[in-house]
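Now for the letters of each chain:
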Amino acid sequence: MLLLHQPCQDQRRLNLDGDGNGLLSGTDNCFVYFPDTCRQCEDPACGNACPQKAITTDDRGIRVVDTDKCIGCGACHDACPWHMPTVNPETGKSSKCIACGACVAGCPSGALSIVDWDAVTSAAQAAYKDL
């Protein structure tokens with residue numbers, strides 16, 4: 001599964017800060033939000049780095065954290081190239097995107113969707129066809 005971000009209907013142009021973070025642009029204070037979620041890697045560095053093997057794959061192919069096994073060491077966060085898993089300071093356990101769809105449901109413009117890996121290429125091409 002992959003979270004696919006399509007340009008918002010209200011977004012007229014892409015404005016990036018000097019670091020390419022999509023945060024702030026020039027003098028017009030245009031804010032652009034980029035959802036950044038787990039890539040659900042085929043060979044996940046986060047799961048491989050976990051000393052407790054707390055990150056496993058569920059029946060949908062989603063990498064999930066078993067909080068009963070997780071010791072909150074942060075090895076998964078450090079190993080992930082995108083630092084997607086994070087240790088929750090309240091629970092002391094790691095957590096990450098599990099493709100639950102809450103961000104898709106909460107997106108006011110409908111610019112987010114979750115697609116199967118097999119459809120990633122065609123979905124991305126369709127989303128950016130009109131750019």
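Quick caveat: nothing in here was measured; it's all calculated off a predicted structure.

Analysis parameters
Residues numbered from 1 in each chain as written. Predicted model: local features only at pLDDT ≥ 70, side-chain atom pairs only at ≥ 80, totals over all residues. Heavy atoms only, no water. Helix = DSSP H or I, 4+ residues; strand = E, 2+ residues; numbered from the N terminus. Buried < 20%, exposed > 50% of the residue type's maximum accessible area, 1.4 Å probe, protein only. Lys, Arg positive; Asp, Glu negative; His and termini not counted. Salt bridge = Lys/Arg side-chain N within 4 Å of Asp/Glu carboxyl O. Polar contact = N/O pair within 3.5 Å; in protein donor to acceptor, adjacent residues only side chain to side chain. Contact = heavy atoms within 4.5 Å. pLDDT = per-residue confidence, 0-100. Core = buried A, V, L, I, M, F, W, Y, C linked by side-chain atoms within 4.5 Å.

A. Region of the structure containing the side chain of Arg63. Within the secondary structure, Arg63 is located in strand 3 (residues 63-65). Here Arg63 sits buried without a salt bridge, and the closest side chain of opposite charge, Asp58, lies 6.7 Å off (N-O distance). A polar side-chain atom of Arg63 sits 2.5 Å from the main-chain carbonyl oxygen of Cys41. Excluding anything up to four places from it in sequence, Arg63 contacts Gln40, Cys41, Glu42, Pro44, Ile55, Thr56, Thr57, Lys96, Cys97 and Ile98.

B. Spatial organisation of the environment of Gly101. In this fold, Gly101 is placed in the loop between strand 5 (94-95) and helix 3 (102-106). C-alpha separation for the pair Gly101 and Ser113, spaced 12 residues apart in sequence, amounts to 8.0 Å.

C. Seen up close, the confidence of the model for the protein chain. The pLDDT averaged across the protein chain works out to 76; a share of 67% of its residues lies at or above 70. Predicted confidence is poor over residues 4-27, with pLDDT under 50, and the contacts of this stretch with residues over four places away or in other chains come to 47 contacts.

D. Summary view of the pattern of salt bridges. Per the counting criterion, the structure on display carries one salt bridge. Ionic pairing is found between Asp58 and Arg60, a salt bridge with its closest N-O pair at 3.5 Å. Judged by its relative accessible area of 23%, Asp58 is partly exposed.

E. Expanded view of the nonpolar core. With seven residues, the main nonpolar core is built from Cys46, Cys50, Ala54, Ile55, Val65, Cys70 and Cys76. Among all residues touching Cys70, those that are not within four sequence positions of it are Ala54, Val65, Lys93 and Ser94.

F. Representation of unusual backbone geometry in the model. One non-glycine residue, Lys53, lies in the positive phi region at around 55°. For Lys53, the location among the structural elements is in the loop between helix 1 (45-49) and strand 2 (55-57). Not every positive phi belongs to a glycine, and His83 is a case in point at roughly 55°. For His83, the location among the structural elements is in the loop between helix 2 (75-79) and strand 4 (86-87). Since its relative accessible area comes to 41%, His83 is described here as partly exposed.

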